[in-house]
Amino acid sequence: MVLVALLAAGCSSASSSSGGGTAASATAPTATAPASPAPPAASVIPSDGTSVKAIPSDRATVSAWASDAPASGNVYLAESQDPRGTTAREPRCGAGCPLSGDGTTVLWNMSWSRWNGAEAVGAGTERIESCNPDCASGGQYAVKVVVTLTRPVKDCGAGGLFFWTHASFAWPAGLPAALSGGGAPVNPWDFSQLRAQATASCTQP
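Residues numbered from 1 in each chain as written. Predicted model: local features only at pLDDT ≥ 70, side-chain atom pairs only at ≥ 80, totals over all residues. Heavy atoms only, no water.

K.L.:
Would you mind going over the sheet that holds strand β9 (residues 153-155) in detail, with residue names and values included?
P.N.:
What the four strands build is an open sheet, ordered β4-β3-β10-β9; its pairing is mixed. Each edge of the sheet is formed by a strand with only one pairing partner; in this case those strands are β4 (87-88) and β9. Relative to strand β10 (residues 161-163), strand β3 (residues 75-78) is paired through two bridges, and the arrangement is parallel. By the bridge assignment, V75 is partnered in β10 with F162. Those strands touched by helix α4 (residues 192-203) are β3, β9 and β10, and its axis lies near 55° from that of β9. (Pairing = 2+ DSSP bridges. Helix = DSSP H or I, 4+ residues; strand = E, 2+ residues; numbered from the N terminus. Contact = heavy atoms within 4.5 Å. Axes fitted to C-alpha atoms, helices over the stretch in contact; angles between N-to-C directions.)

Now the structure itself:
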């Protein structure tokens, strides 16, 4: 009788252990989680949105890639569209930042909410000369503006710096009648001469 009782107690104990999962986990093979796939290479969409360029994962080629694209925020505004003249990052334009070579469009008292490697967005005042009947006698108007600068281009003749080559404007309070119709300012504005000069500086032997 004692032997039967001991055998019964042993079966009861084994049954309760397997119910709690302790015995099973000690002898079951350990599951191995599948290896996570390597994350895809990061990519940058150029400001013109035409293509995607992958950032190489190989450390040896990262510096070569970086020479083709501006680092975050490392892009400059060239006053009068002249990269050999006055250039600045996030300029306050307290004394005015001319956008045109003839000074007919000038930014003043700017505050930049964004300035990175793809675009710069700032708000302030734009002083625009009306060229009707001509730019010398058409009068100047100060209007509130939000300007967005894009399409940075590298200029090898200016130490390899990048410069904005495109600007678009929004005028929250609108434009005066003298700056409407045929007298309206160019918007958007492509700094084609600056781009051509910068591009040529990096392709000439």
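And the narrative resumes.
K.L.:
Describe the nonpolar core, naming the residues involved and giving the relevant values.
P.N.:
Ranked by internal contacts, the top residues of the largest apolar core, which has 28 residues, are L77, L107, W112, V147, L149, W164 and F169. With sequence-adjacent residues up to four places away left out, L77 is seen in contact with T86, T87, A88, P91, C97, L99, W115, L149 and W164. (Core = buried A, V, L, I, M, F, W, Y, C linked by side-chain atoms within 4.5 Å. Buried < 20%, exposed > 50% of the residue type's maximum accessible area, 1.4 Å probe, protein only.)

K.L.:
Got a sec to walk through the pattern of salt bridges? Specific residues and values, please.
P.N.:
Counted by the stated rule, this structure contains three salt bridges. Here R195 ties to D190 by a salt bridge, and the two come within 2.8 Å at their closest N and O atoms. A relative accessible area of 23% means that R195 is categorised as partly exposed. The partly exposed category is assigned to D190, whose relative accessible area is 31%. (Salt bridge = Lys/Arg side-chain N within 4 Å of Asp/Glu carboxyl O.)

K.L.:
Any details on the state of the cysteines? Residues and values, ideally.
P.N.:
Taken as a whole and judged by the stated rule, the model has two disulfides. Each sulfur in the disulfide pair C93 and C97 lies 2.1 Å from the other. Handedness here is read from the sign of the S-S torsion; for C93 and C97, about -100°, the answer is left-handed. Take C93 and C97: they sit in the same class, and that class is buried. Here C156 connects covalently by a disulfide to C202, the sulfurs 2.1 Å from one another. The S-S bond linking C156 to C202 shows a torsion near 110°; that makes this disulfide right-handed. Taken together, the residues span a long stretch of sequence, with C156 in the loop between β9 and β10 and C202 in helix α4 at a distance of 46 residues. On the basis of relative accessibility, which here comes to 37%, the residue C156 falls in the partly exposed class. (Disulfide = S-S within 2.5 Å.)

K.L.:
A description of the sheet that holds strand β5 (residues 97-98) should follow, citing residues and the corresponding values.
P.N.:
Within the open sheet, the six strands sit side by side as β5-β6-β7-β8-β11-β12. Their pairing is antiparallel. Edge strands, defined here as strands with exactly one partner in the open sheet, are β5 and β12 (189-190). The pairing of strand β11 (residues 166-170) with β12 spans two bridges and is classified as antiparallel. Counterpart to H166 in the pairing with β12 is D190.

K.L.:
Account for the layout of surface pockets, with residues named and values stated.
P.N.:
Taken as a whole, the second largest pocket holds about 240 Å³ of empty space. In terms of lining, the second largest pocket is formed by 18 residues, of which the most central are E129, C131, A184, P185 and V186. Taken together, the residues of the lining of the second largest pocket sort by class into eight nonpolar, seven polar and three charged. (1 Å grid on protein atoms, 1.4 Å probe; cavity = no way out; pocket = protein on both sides within 12 Å on 5 of 7 lines; lining within 4 Å. Points joined across faces, edges and corners; volume = space filled by probe spheres on them. Nonpolar A, V, L, I, M, F, W, Y, C, P; charged D, E, K, R; others polar.)

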